[in-house]
Amino acid sequence: MKIAMGSDHAGLELKNYIKEYLEKKGFEITDCGTYTSSSCNYPEFGEKVAKCVASGEAEKGVLVCGTGVGISIAANKVKGIRAVVCSEPYSAEMAVRHNNANIVSFGARVIGPATAETIVDAFFGASYEGERHEKRVQMIIDIENE
Ligand code: RB5
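A brief look at the structure comes next. (Residues numbered from 1 in each chain as written. Predicted model: local features only at pLDDT ≥ 70, side-chain atom pairs only at ≥ 80, totals over all residues. Heavy atoms only, no water.)

**Here's the deal with the site of the ligand**
Stage number 1. Every residue near the ligand is listed here: Asp8, Ala10, Tyr42, Cys65, Gly66, Thr67, Gly70 and Arg109.
Stage number 2. Contact between the ligand and Gly66: an oxygen atom at 2.7 Å from a main-chain N or O atom of the residue.
Stage number 3. Take Gly70: an N or O atom from its main chain is 2.9 Å from an oxygen atom of the ligand.
Stage number 4. The protein chains hide 71% of the 300 Å² of surface that the ligand would expose on its own.
Stage number 5. Of the residues that constitute the shell around the ligand, the class distribution is three nonpolar, three polar and two charged. (Near = heavy atom within 4 Å. Polar contact = N/O pair within 3.5 Å; in protein donor to acceptor, adjacent residues only side chain to side chain. Areas by Shrake-Rupley, 256 points an atom, 1.4 Å probe, with all protein chains shown as cover. Nonpolar A, V, L, I, M, F, W, Y, C, P; charged D, E, K, R; others polar.)

Okay, structure coming up:
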């Protein structure tokens, strides 16, 4: 599976850690930056990753900023994106199973690498269930299309 990843300066270290973790598991990663610890703006990287996912260039995305919040808000402005901030694995799993989430976002100032591993395992190990959830996800898409 192809995954696009991005972070701001606050999320750089955790992004690099997760990138290595996912590569070891066989995922193909496109790193959209940032690549240095210089201060930068999280919306730029939220948008880049979101556009990779929305265009189909990557199947899913991983974002990291200080809280995971700002970068996911930016990503969610791109049509077709359902980005979720997660600090524990249960929400990550259910976000895929019920909400067909396509980007998971972390706060590097909120969680550590060990928790991030459990979250990505839950996120990438889950599959969208469709059926009764389809109508609800479609309602979200309808709002986006208004
Ligand atoms: C950067 O200091 C911080 O504001 C950013 O990483 C993020 O937490 C925003 O939501």
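**A few points about unusual backbone geometry**
Glycine aside, a negative phi is what most residues show, and trans is what most peptide bonds show.
Stage number 1. Here Gly33 and Thr34 are connected by a cis peptide whose omega angle stands at 0°.
Stage number 2. Residue placement: Thr34 occurs in the loop between strand E2 (28–31) and helix H2 (42–55).
Stage number 3. The backbone of Glu131 sits at a positive phi, close to 45°, despite the residue not being glycine.
Stage number 4. Along the chain, Glu131 falls in the loop between helix H5 (113–125) and helix H6 (132–145).
Stage number 5. By relative accessible area, which is 73% here, Glu131 ends up exposed. (Helix = DSSP H or I, 4+ residues; strand = E, 2+ residues; numbered from the N terminus. Buried < 20%, exposed > 50% of the residue type's maximum accessible area, 1.4 Å probe, protein only.)

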